[in-house]
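The lines below spell out each chain.
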Amino acid sequence: MERTLIGELGQKVGETVLIKGWVSVRRDQGKMVFFDFRDRSGTVQGVVLPNSEAIENAKETRNEYVVAVEGKVNERPEKNRNDKAQNGNIELEVLQLTVITKAESLPFDMSIDGYNLDLGTELDHRALTLRHPRLQAIFKVQAVIIDSFREYMKSQDFFEFQAPAIVPATAEGGAEVFKVQYFDKDAFLSQSPQLYKQIVMTAFERVFSVNKVFRAEPSSTTRHLTEIVSLDAEMAFIDSWKDVRDMSENTVRYILSEVAAKCGKELEVLGATLPAMIESTPTLSLTEALEKLGAGADKDLNPEQERRLCEMIKEETGSDFVYVYGYPTKHKPFYVYPNPESPEFNEGMDLLCRGVEWLSGGRRINDYAQLVDHVEKWGMDPKKIEMFLEAFRYGVPPEGGFAFGAERMTMQMLELKNIREATMFPRDMHRIDLLLSSDNQDDKDNPQQ
Ligand code: AMO
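Thresholds applied
- Residues numbered from 1 in each chain as written.
- Predicted model: local features only at pLDDT ≥ 70, side-chain atom pairs only at ≥ 80, totals over all residues.
- Heavy atoms only, no water.
- Helix = DSSP H or I, 4+ residues; strand = E, 2+ residues; numbered from the N terminus.
- Buried < 20%, exposed > 50% of the residue type's maximum accessible area, 1.4 Å probe, protein only.
- Contact = heavy atoms within 4.5 Å.
- Areas by Shrake-Rupley, 256 points an atom, 1.4 Å probe, with all protein chains shown as cover.
- Axes fitted to C-alpha atoms, helices over the stretch in contact; angles between N-to-C directions.
- Parallel < 35°, antiparallel > 145°, perpendicular 65-115°, else oblique.
- Left-handed = near helix turned anticlockwise from the far one by under 90°.
- Nonpolar A, V, L, I, M, F, W, Y, C, P; charged D, E, K, R; others polar.
- Core = buried A, V, L, I, M, F, W, Y, C linked by side-chain atoms within 4.5 Å.
- Near = heavy atom within 4 Å.
- Polar contact = N/O pair within 3.5 Å; in protein donor to acceptor, adjacent residues only side chain to side chain.
- Phe/Tyr/Trp six-rings, centres within 6.5 Å; stacked < 30°, edge-to-face > 60°.
- Lys NZ or Arg CZ within 6 Å of the ring centre and 35° of its normal.

J.: Looking at this model, I keep getting lost on the overall build of the protein. Mind explaining?
T.: Regarding its fold elements, the protein presents twelve helices and 19 strands. Counting only C-alpha atoms and orienting by the principal axes, one finds that the protein spans roughly 85 × 55 × 40 Å. Considering the protein as a whole, with its 449 residues, one finds that 50% of them fall into the buried category. When contacts within the protein are restricted to residue pairs at least 6 apart in sequence, those whose partners lie at least 24 apart make up 66%. Of the roughly 21,600 Å² of accessible surface on the protein, 49% is carried by carbon and sulfur atoms.

J.: Sorry, what's going on with the packing of helix 4 (residues 133–155) against helix 12 (residues 406–413) here?
T.: Packed helices, taken two at a time, are described by their axes: the angle between them and the distance between them. One can describe the packing of helix 4 onto helix 12 by two numbers: an axis separation of 10 Å at closest approach and a directional angle of 125 degrees. The angle between the axes of helix 4 and helix 12 places the two elements in the oblique class. The handedness of the crossing between helix 4 and helix 12 comes out as right-handed. Contacts from Ile138, Gln142, Ile145 and Ile146 of helix 4 reach helix 12 at Ala406, Glu407, Met409, Thr410 and Met413. Tallied by class, the residues present in the contact of helix 4 with helix 12 amount to six nonpolar, two polar and one charged.

J.: Please clarify how the nonpolar core should be interpreted in this entry.
T.: Across soluble globular proteins, nonpolar side chains have a tendency to be buried as a group. Counting 51 residues, the largest nonpolar core has Val259, Trp358 and Phe402 as the members making the most contacts within it. Here the element with the most residues in this core is helix 4; it accounts for ten residues. Not counting chain neighbours up to four residues away, the residues in contact with valine 259 comprise Val141, Val144, Ile145, Gly264, Leu267, Leu274 and Met413. Among the nonpolar cores identified, the runner-up in size contains 23 residues, and Met201, Val207, Ile385 and Phe388 belong to it.

J.: Would you take a moment to explain the site of the ligand for this structure?
T.: Neighbouring the ligand are 23 residues; Gln194, Lys197, Glu357, Ser360 and Arg364 lie closest to it. In this structure, glutamate 217 approaches the ligand through a side-chain N or O atom, which is 3.1 Å from a nitrogen atom. In isolation the ligand exposes 620 Å². Once the protein is present, 92% of that is buried. Counting only elements with at least two residues in the shell around the ligand, the list comes to helix 5 (194–204), strand 15 (356–364) and strand 16 (399–405). Ranked by residue count, the leading element in the shell around the ligand is strand 15, at six residues.

J.: Would you explain the packing of aromatic side chains in this entry?
T.: Aromatic rings in a pair are described by how distant their centres are and how their planes are angled relative to each other. Considering all chains together, one arrives at twelve aromatic pairs under this definition. Ring centres 5.7 Å apart and planes at 75 degrees place the aromatic pair phenylalanine 402 and phenylalanine 404 in the edge-to-face group. Residues phenylalanine 402 and phenylalanine 404 agree in their burial class; the two are buried. Each member of the aromatic cluster is reached from another via a ring pair, and the members are Phe149, Phe208, Phe402 and Phe404. A cation over a ring is seen here: lysine 332 above tyrosine 327, with NZ or CZ 4.5 Å from the ring centre. Here arginine 363 stacks its cationic end above the ring of tyrosine 337, 3.8 Å away from the centre of that ring.

The following block contains the structure:
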């Protein structure tokens, strides 16, 4: 008999089928044994009746055993129906049960209701906890986020390219960079495909990439990782930074609509409500945002100010999103375009959602002489970015771009408390799958940052 996926059993009422999967739960009620079986498409309840041939094997079977089950798909009696659960109106009457692979006893309760691990233990046991429907739901949503970013970019005629991970110079500046020994020279792990997406843009006009980037973040917060999936875009022939804002806003709108359309089941499992994006996302300059918060001039918003600003905007407009633009030029990377009317502020922007930054971007300098001037003022070695400078020596239109962190997006969309929940194998100061020191506090450090 051919295998039927559990997700398709609803259309097989009255038929005898073969399913293959795992035992999520076994409830031995003496004469009868109940199971929850699971495969990649979902779960179903199985029942082994006292006179079934399968009763002996059912008694031997344990959680996480891999099994093949032949059974009849029956409608559940009215009083046993559970409209909220997948396959809540049917059950599989088990006729034969074959154990394919045995499993050791679980170190903790993995059942839907009983699962209750702290994040550290969950991460220590990622190889096992990934089997839980709640965790699977998070990563299914993340896959839809990344897919729909790609889809939207392609629909807008952006070209996908692969950026290198080993680079000769830092793009974003600052100390948050991993140095690697590259044969007998020093190199870096890429903090951002920034310089490469700008180079490729000069040839293809509209480009995007989905790449790993690396940040040597020296602290453990609930929103920082050292290895990130960066969703990057860059576009030529813009009239102003507002074109970049609009493109990023439309991208978010598309991603949200795809998650809503494709992840209804996952959002329900997670109890998550997607953030609200109104017709035109509120947009404030940094100066306006600081004034609104009653704060003095500053180079950026701190995490608490980001949180409060989002709350205020939500209350006033219903939007969970807010753009902030116009940061002090000298505190941002050399490539960001200074506003021609007040060059001390730039045309860079951030998108905040539910209190946390999701995206950065803006207009870039496209004039070669201005770029060289900035390279000098920022104290950079032009030799190390010669390839980038070469592209700009030969005619580049006004341009800009943006980048999202896929984990931040997942975290804020699903209202998760810690970015590590939104990362399958998170890397931070203390963890690269293994804990790097036994006495660290891991994600319990600075939880409110
Ligand atoms: P930025 O450095 O702001 O901008 O990064 C872009 C987005 O990446 C995410 N992000 C992070 N997520 C988790 N942990 C981190 N340590 C971390 N650092 C960044 C955030 C952030 O908004 N080159 C520019 C982008 C551009 O201008 O196009 C850049 O890298 O979601």
